[in-house]
Amino acid sequence: MRIARFSIDGNVGFGVLEGDELDVIKGHPFAEFERSGQKVPLDKVRLLPPVLPNKVVAIGRNYAEHAAELGNAVPDVPVTFFKPSTSVIGPGDPIAYPSFSQEVHHEAELAVVIGRMCREVPRERAKDVILGYTCANDVTARDVQQREKQWARAKGFDSSCPLGPWVETGLDPADIAAGLAVQCTVNGEQRQLGRTSDMVRPVEDLIVHITEAMTLLPGDVILTGTPAGVGPLNVGDEVAVTIEGIGTLTNKVIKRG
């Protein structure tokens, strides 16, 4: 199923997508829940980030062709970094071009949404801790990333982590390994097109690696890396990330006020 987080008339809730309507659920999707039977039209709500993560743990250079296009080798161990909760925005929200950068890039990514608290997860249990998957854009100030040793500012600025439009719970790691298409367009022009089967390290291995070091909480998000084709965004651009089997996440770039 597809679970969306939304706002209507000042109220925030979760709903299961059914056609062009949301069936509002009682409670939240991180435990057993009931559908209320209350239906709201999708075009009458504002879709919010599908979760509010305590942390976003991102993986760098997990596609060999992307590593190569930036002149990097595939690392021996996964490159991990954080994007703060304040970087998260939802579908339709603006990406604010940071004043301290002159070169901001898009990075289309599959995002894993964690469904329950977990640590030291064995590989064979990795799928048990996943609620589902959503689309992400790891927006990056590339010039800042290149000149600063730490990536915190380059990848953690406000609005640098669009997520959405909903969480798809009907996929599992086997579907990801089989190869879902990951596409990014800017103003309707295709920039990136890859497949999740091209990941250097699959979802299960990433969960094992991360949870060796830290506890993941319900709603936390893992970004799994981006395929080749990253490129610049400019004020006024509309950038869309589409992942097969999930949907499309669209955001516009504005000047930071």
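Now for a quick tour of the structure. Every value quoted in this text rests on a predicted model; they were computed, and no experiment measured them. (Residues numbered from 1 in each chain as written. Predicted model: local features only at pLDDT ≥ 70, side-chain atom pairs only at ≥ 80, totals over all residues. Heavy atoms only, no water.)

## Re the sheet that holds strand S9 (residues 95–97)
Judged by pairing direction, the sheet is mixed, and its five strands sit side by side in the order S9-S20-S19-S15-S16 without closing on themselves. At either end of the open sheet lies a strand with only one pairing partner, and these are S9 and strand S16 (189–195). Across the sheet, the axes of successive neighbouring strands diverge by a mean angle of 20 degrees, strand direction being ignored. As defined by bridge partners, strand S15 (residues 181–186) adjoins strand S19 (residues 238–243) across five bridges and the pair is classed as antiparallel. The residue of S19 that forms the bridge with Val182 is Ile243. (Pairing = 2+ DSSP bridges. Helix = DSSP H or I, 4+ residues; strand = E, 2+ residues; numbered from the N terminus. Axes fitted to C-alpha atoms, helices over the stretch in contact; angles between N-to-C directions.)

## Remarks on the packing of aromatic side chains
Applying the stated rule across the entire model yields two aromatic pairs. An angle of 85 degrees between the planes, with centres 6.2 Å apart, marks the rings of Phe100 and Phe157 as edge-to-face. Within this pair, whereas Phe100 is found in the loop between S9 and strand S10 (104–106), its partner Phe157 is found in the loop between helix H3 (152–156) and strand S14 (161–168), the two being separated by 57 residues in sequence. A residue is classified by how much of its surface remains accessible, and Phe100, at 24% relative accessible area, is partly exposed. The residue whose ring lies beneath Arg153 is Phe100, and the NZ or CZ to ring-centre distance is 4.6 Å. (Phe/Tyr/Trp six-rings, centres within 6.5 Å; stacked < 30°, edge-to-face > 60°. Buried < 20%, exposed > 50% of the residue type's maximum accessible area, 1.4 Å probe, protein only. Lys NZ or Arg CZ within 6 Å of the ring centre and 35° of its normal.)

## Structural notes on the sheet that holds strand S13 (residues 140–141)
Reading across from one edge, S13-S10-S18 is the order of the three strands in this open sheet, with antiparallel pairing throughout. The sheet is open, and its two edges are formed by S13 and strand S18 (231–233), each paired on a single side. In this sheet, S13 lies alongside S10 in antiparallel orientation, the contact comprising two bridges. When the bridges of S13 are listed, His105 appears paired with Thr140.

## Topic: the pairing of strand S6 (residues 56–60)
Among the five residues in S6, five count as buried, and that is most of the element. Residues Val56, Ala58 and Gly60 point to one face of S6 and Val57 and Ile59 to the other, with burial holding for every one of them. Examined bridge by bridge, S6 and strand S7 (residues 79–83) share five bridges and lie antiparallel to one another. Looking at S7, one finds that Val57 is bridged to Phe82. Across three bridges, S6 lies against strand S17 (residues 221–223) in parallel orientation. Counterpart to Ala58 in the pairing with S17 is Leu223.

## Description of unusual backbone geometry
Cis rather than trans, the peptide bond between Gly164 and Pro165 has omega equal to 5 degrees. Along the chain, Pro165 falls in strand S14. Of note, the phi angle at Arg61 is positive, near 55 degrees, even though the residue is not glycine. As for its position among the elements, Arg61 is in the loop between S6 and helix H1 (64–69). Non-glycine residue Ser159 carries a positive phi angle of around 75 degrees. By the secondary structure assignment, Ser159 is in the loop between H3 and S14. The exposure class of Ser159 is buried, given its relative accessible area of 7%.

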